[in-house]
Amino acid sequence: MKAVRIYGEKDVRVEDVTIDDPKDDEVQVRVKYCGICGSDLHAYLEGWGLPTQPYPLTGKTVPITLGHEFSGEVVKVGKDVDTLKIGDDVAIEPLIACGKCENCRKGDYNFCNNAVAADGAGNFLGFSQDGGFAEFANVQGVFAHKLPEGMDPELGAVAEPTAVVYEAVKRSGLREGENVAVMGAGPIGLLMALLAKISGANKVYIVDVSKVRLAKAKELGIENTINPSEEDVNEVIRKDLLNGVDITFECAGVQATFDTALKVTKRTGTLQVVALFGKDVSMNMTDDVIMQGINITTTLCYNNSFPAVLGIINNHPDTFRKIITKEIGLDQDVDEGIKALAEDKSQVKILVSPDL
């Protein structure tokens, strides 16, 4: 089969490879769509998250088949899988976990104690096990979630990034009627604002310097857009809400937006970190955090979320379809996919399909 394989920094090749039959606890999926994530961009540009030594749970090293946001059709079923059958359309939850450690047993398998690699390799398909930028993929049956009846597999490929922001909603404790701000209008920021609105938030502000991305936010129904290069974000928000917002979702991952997030969050509010930070951030812990009663909460991936996320997407298909801005084939993955996501701010979710 054809697959997009990464060997290291800026070394991605489209190759013909073989695929084994699924193991007893796995299914084999014919991939229909696989989204390109910002982490795929970092893997390509920096070699980030790739296994340079055998990964603890899979034994894999580069080269690896990229791609972790994918959907497809079950074509083979391992003998121990009794929840799926050939022909089922599924969305893939791409985590790698042992299922046996303390965290896995209590449901926090996204923090699997045995999935920590000395070289920082990611506990995802597409990083430390072959992923979805291919014609076929083998995945554990428990991580293949059947799509709701009639749901478009395109939308199934949007489930993984939506699960990221769904987890942030869970961790933040967002309640209907609360006001929120979202720092950053990239793919995750846009999904964050969208899901906050669907979850019942009253006012949803989204902040970004890109006019193109703010226009996309408006297309998604997020009316309160703020460009910090043109307006003072804190002044704009506190003109409407004297005390600030209840929850700020940090989806940009830089010092400037983190500082703004602290400013616009009301006393006793929550700053929910969603983004990964490429550099250390600093803060005045006493004056800006402790004395304000601000709770800073983090999140990593998701757990036990995919069925709910698929239901949410299926209830709002036309809205989530607007997140998809481009579809390409496997051969175009790098030039028209990964590089385009880095350079073209109008791109939100680029899907790769082996059928194109």
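For the structure itself, look to the data block above.
The following paragraphs examine the structure supplied in this document. Everything numeric here is computed off the predicted structure, so don't read it as measured data.

Here we look at the side chain of aspartate 88
And then number 1: Its location among the elements puts aspartate 88 in the loop between strand 5 (69-77) and strand 6 (89-92).
And then number 2: Side-chain polar atoms of aspartate 88 contact the backbone nitrogen of lysine 85, separated by 2.9 Å.
And then number 3: If we skip the residues at most four places from it in the chain, aspartate 88 touches Gly72, Glu73, Val74 and Lys146.

Considerations on unusual backbone geometry
And then number 1: At the junction of valine 62 and proline 63, the peptide bond is cis and its omega measures out at 5° in the coordinates.
And then number 2: In this fold, proline 63 is placed in the loop between helix 1 (38-46) and strand 4 (64-65).
And then number 3: A positive phi is found at lysine 10, a non-glycine position, where the angle reads about 55°.
And then number 4: With respect to the element layout, lysine 10 can be found in the loop between strand 1 (2-8) and strand 2 (11-16).
And then number 5: In this model, asparagine 304 sits at a positive phi of 55°, which is unusual for a non-glycine residue.

Points about the packing of aromatic side chains
Aromatic rings considered in pairs are described by the distance between their centres and by the relative angle of their planes.
And then number 1: Taken as a whole and judged by the stated rule, the model has 5 aromatic pairs.
And then number 2: Ring centres 5.9 Å apart and planes at 85° place the aromatic pair tryptophan 48 and phenylalanine 127 in the edge-to-face group. In this pair, tryptophan 48 sits in the loop between helix 1 and strand 4 while phenylalanine 127 sits in the loop between helix 2 (102-105) and strand 7 (136-140), placing the two residues 79 residues apart along the sequence.
And then number 3: For phenylalanine 127, a relative accessible area of 2% corresponds to the buried category.
And then number 4: Ring centres 5.7 Å apart and planes at 45° place the aromatic pair tyrosine 109 and phenylalanine 143 in the tilted group. Of this pair, tyrosine 109 sits in the loop between helix 2 and strand 7 while phenylalanine 143 sits in the loop between strand 7 and strand 8 (144-146), and the two are 34 residues apart along the sequence. A single burial state applies to tyrosine 109 and to phenylalanine 143, both of which are buried.
And then number 5: Across the ring face of tyrosine 7, the terminal group of arginine 13 is positioned such that the distance to the ring centre comes to 3.6 Å.

Description of the pattern of salt bridges
And then number 1: Under the defined criterion, the tally for this structure stands at 22 salt bridges.
And then number 2: A salt bridge links lysine 2 to aspartate 331; the nearest nitrogen and oxygen atoms lie 3.1 Å apart. Placement of the pair is lysine 2 in strand 1 and aspartate 331 in the loop between strand 15 (324-328) and helix 12 (333-343), with a sequence separation of 329 residues.

Considerations on the sheet that holds strand 14 (residues 295-298)
And then number 1: Taken in spatial order, the 6 strands make up an open sheet running 11-10-9-12-13-14, and their pairing is parallel. Taken across any chain shown, the strands that pair with only one partner, and hence form the sheet edges, are strand 11 (224-226) and strand 14. Averaged over all pairs of adjacent strands, the angle between strand axes in this sheet comes to 20°, irrespective of strand direction.
And then number 2: Both strand 9 (residues 180-183) and strand 12 (residues 245-250) contribute to a ladder of 4 bridges, which runs parallel.

Some words on the pairing of strand 2
And then number 1: Strand direction decides the pairing type here: strand 1 and strand 2, joined by 6 bridges, are antiparallel. Of the residues in strand 2, the one forming a bridge with isoleucine 6 is valine 12.
And then number 2: Adjacent in sequence and paired antiparallel, strand 1 and strand 2 are bridged by 2 residues, among which lysine 10 carries a positive phi angle near 55°.

Considerations on a nonpolar patch on the surface
And then number 1: There is a patch of nonpolar side chains on the surface, built from Val281, Met283, Met285, Ile290, Met291 and Ile296 and spanning about 500 Å² of accessible area.
And then number 2: You can see methionine 285 is positioned in helix 9 (residues 285-290).

So, the packing of helix 1 against helix 12
Each packed pair of helices is defined by two parameters, the angle between the axes and the distance between the axes.
And then number 1: Remark: helix 1 packs on helix 12, axes separated minimally by 9 Å, with the N-to-C direction vectors making an angle of 105°. By the angle class used here, helix 1 and helix 12 are roughly perpendicular. Between helix 1 and helix 12, the contacting residues are Gly38, Leu41 and Tyr44 on the first element and Val334, Ile338, Lys339, Leu341 and Ala342 on the second.
And then number 2: Residues belonging to the contact of helix 1 with helix 12 are distributed by class as follows: 6 nonpolar, 1 polar and 1 charged.

Topic: the environment of valine 281
And then number 1: Secondary-structure assignment places valine 281 in the loop between strand 13 (265-273) and helix 9.
And then number 2: Residues valine 281 and aspartate 333, 52 residues apart in the sequence, show an inter-C-alpha distance of 33 Å.

Concerning the packing of helix 4 (residues 159-172) against helix 10 (residues 306-315)
And then number 1: Where helix 4 contacts helix 10, the two axes come as close as 9 Å, and the packing angle between them is 110°. As summarised for this structure, helix 4 and helix 10 are arranged roughly perpendicular, according to the angle between their axes. For the pair helix 4 and helix 10, contact is made by Ala159, Glu160, Thr162, Ala163 and Tyr166 and by Phe306, Ala308, Val309, Leu310, Ile312 and Ile313, respectively.

About the thresholds
Residues numbered from 1 in each chain as written. Predicted model: local features only at pLDDT ≥ 70, side-chain atom pairs only at ≥ 80, totals over all residues. Heavy atoms only, no water. Helix = DSSP H or I, 4+ residues; strand = E, 2+ residues; numbered from the N terminus. Polar contact = N/O pair within 3.5 Å; in protein donor to acceptor, adjacent residues only side chain to side chain. Contact = heavy atoms within 4.5 Å. Phe/Tyr/Trp six-rings, centres within 6.5 Å; stacked < 30°, edge-to-face > 60°. Buried < 20%, exposed > 50% of the residue type's maximum accessible area, 1.4 Å probe, protein only. Lys NZ or Arg CZ within 6 Å of the ring centre and 35° of its normal. Salt bridge = Lys/Arg side-chain N within 4 Å of Asp/Glu carboxyl O. Pairing = 2+ DSSP bridges. Axes fitted to C-alpha atoms, helices over the stretch in contact; angles between N-to-C directions. Patch = residues over 30% accessible without salt bridge, like charges linked within 9 Å, V, L, I, M, F, W, Y side chains within 5 Å. Areas by Shrake-Rupley, 256 points an atom, 1.4 Å probe, with all protein chains shown as cover. Parallel < 35°, antiparallel > 145°, perpendicular 65-115°, else oblique. Nonpolar A, V, L, I, M, F, W, Y, C, P; charged D, E, K, R; others polar.

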